[in-house]
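Chain residues, written in single-letter form:
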Amino acid sequence: GLVHISDLSWTKRIKHPSEALAKGDEVEAVILKIDSENQRLSLGIKQIQPNVLEDFFQTVKIGDILTGKIARLTDFGAFVELFEGVEGLVHVSELSSERIENPSDKFSVGQDVRVKVIKIDPIEKKIGLSVKAALHEIWMAETREAAHRAFARTLKRFAGKYPQAMDCLGKD
């Protein structure tokens, strides 16, 4: 039987079968199609393995903030590996709130980045990410937390004079 190159791996971009297999390797495969007229079998190796992209699309939602590693830089953005075999694109317009002409001026391959998931397309198997939105979200959360701590400190200062002020904080 024949294993088509697209049926070798769910996630790796294999250009030549020798990148994944060597002549004489024993492999497990699934029969995908039987062509009895031409006496041919179409086989698949990836179908035996879990589909990490499918798992990703079922567990990760738009708005989630993840940490990934920059896998490749292009003129139009950065590809970030979120999990082994799962990459998303950060378009150049989503890399920073400042205009960036060339992503490699501010980012490098292998760099860890926090990203917010802004688009998920399971049919096209595409993931849109934003460094800019993740930084904004993180900044907002830290600002809210700092404001709450400052408010709590102020209320505690006045607790002796105004005991009912402590009711706003809940239990400590």
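Conventions and cut-offs
Residues numbered from 1 in each chain as written. Predicted model: local features only at pLDDT ≥ 70, side-chain atom pairs only at ≥ 80, totals over all residues. Heavy atoms only, no water. Helix = DSSP H or I, 4+ residues; strand = E, 2+ residues; numbered from the N terminus. Buried < 20%, exposed > 50% of the residue type's maximum accessible area, 1.4 Å probe, protein only. Arc of directions from axis to C-beta. Contact = heavy atoms within 4.5 Å. Polar contact = N/O pair within 3.5 Å; in protein donor to acceptor, adjacent residues only side chain to side chain. Core = buried A, V, L, I, M, F, W, Y, C linked by side-chain atoms within 4.5 Å. Expected span 1.5 Å × (residues − 1). Pairing = 2+ DSSP bridges. Axes fitted to C-alpha atoms, helices over the stretch in contact; angles between N-to-C directions.

Visitor: Tell me what's going on with the environment of A22, and back it up with residues and numbers.
Guide: For A22, the location among the structural elements is in the loop between β1 (2-3) and β2 (30-35). Spatially, the C-alpha atoms of A22 and V113 are 36 Å apart, while their sequence positions differ by 91 residues.

Visitor: Summarise helix α1 (residues 52-59); cite the residues concerned and give the values.
Guide: Those residues of α1 lying buried are L53, F56 and F57. For α1, the buried positions fall inside an angular range of 95 degrees around the axis, keeping them on one side. Exposed residues lying more than 90 degrees from the buried face of α1 are Q58 and T59. Here the buried face of α1 lies against β4 (65-74), β5 (77-83), β6 (86-91), β7 (112-121) and β8 (126-130). The residue sitting at the N-terminus of α1 and contributing the capping side-chain oxygen is N51; that oxygen lies 3.1 Å from the backbone nitrogen of L53.

Visitor: Any chance you could break down unusual backbone geometry for me, citing the residues and the numbers?
Guide: Unusually for a residue other than glycine, Q39 sits at a positive phi of about 55 degrees. Within the fold, Q39 resides in the loop between β2 and β3 (40-44). In this structure, K125 is a non-glycine residue whose phi angle is positive, near 60 degrees. Considering the arrangement of structural elements, one finds K125 in the loop between β7 and β8.

Visitor: Could you give an account of the nonpolar core, with specific residues and numbers?
Guide: Ranked by size, the top nonpolar core spans 21 residues in total, and within it F56, L82, L95, V115, I127 and L129 carry the most contacts. Elements supplying a minimum of two residues to this core: α1, β4, β5, β6, β7 and β8. Apart from residues lying up to four places away in sequence, V115 is in contact with D64, I65, L66, L82, V90, L129, S130, V131 and A134.

Visitor: Outline helix α2 (residues 131-157), listing residues and values.
Guide: In a regular helix each residue adds 1.5 Å, so 27 residues correspond to 39 Å; α2 covers 39 Å between its end C-alpha atoms and thus fits that length. Packed against the buried residues of α2 are β4, β6, β7 and β8. You can read the cap of α2 off the contacts: a side-chain oxygen lies 3.4 Å from the backbone nitrogen of K132, and it is on S130.

Visitor: Got a sec to walk through the sheet that holds β4? Specific residues and values, please.
Guide: Strand pairs in the sheet, formed through backbone hydrogen bonds, run parallel or antiparallel to each other. In space, the five strands of this closed barrel follow the order β4-β5-β6-β8-β7, with mixed pairing throughout. With direction set aside, neighbouring strand axes in the sheet form an average angle of 50 degrees. Two strands pair when backbone bridges link them, and β4 and β5 are joined in this way by five bridges, in the antiparallel orientation. From the neighbouring strand, I70 faces β5, where its bridge partner is V80. Along the sheet face, α1 touches β4, β5, β6, β7 and β8 and points at about 55 degrees away from the line of β8. α2 contacts β4, β6, β7 and β8 of the sheet and is inclined by roughly 110 degrees relative to β7.

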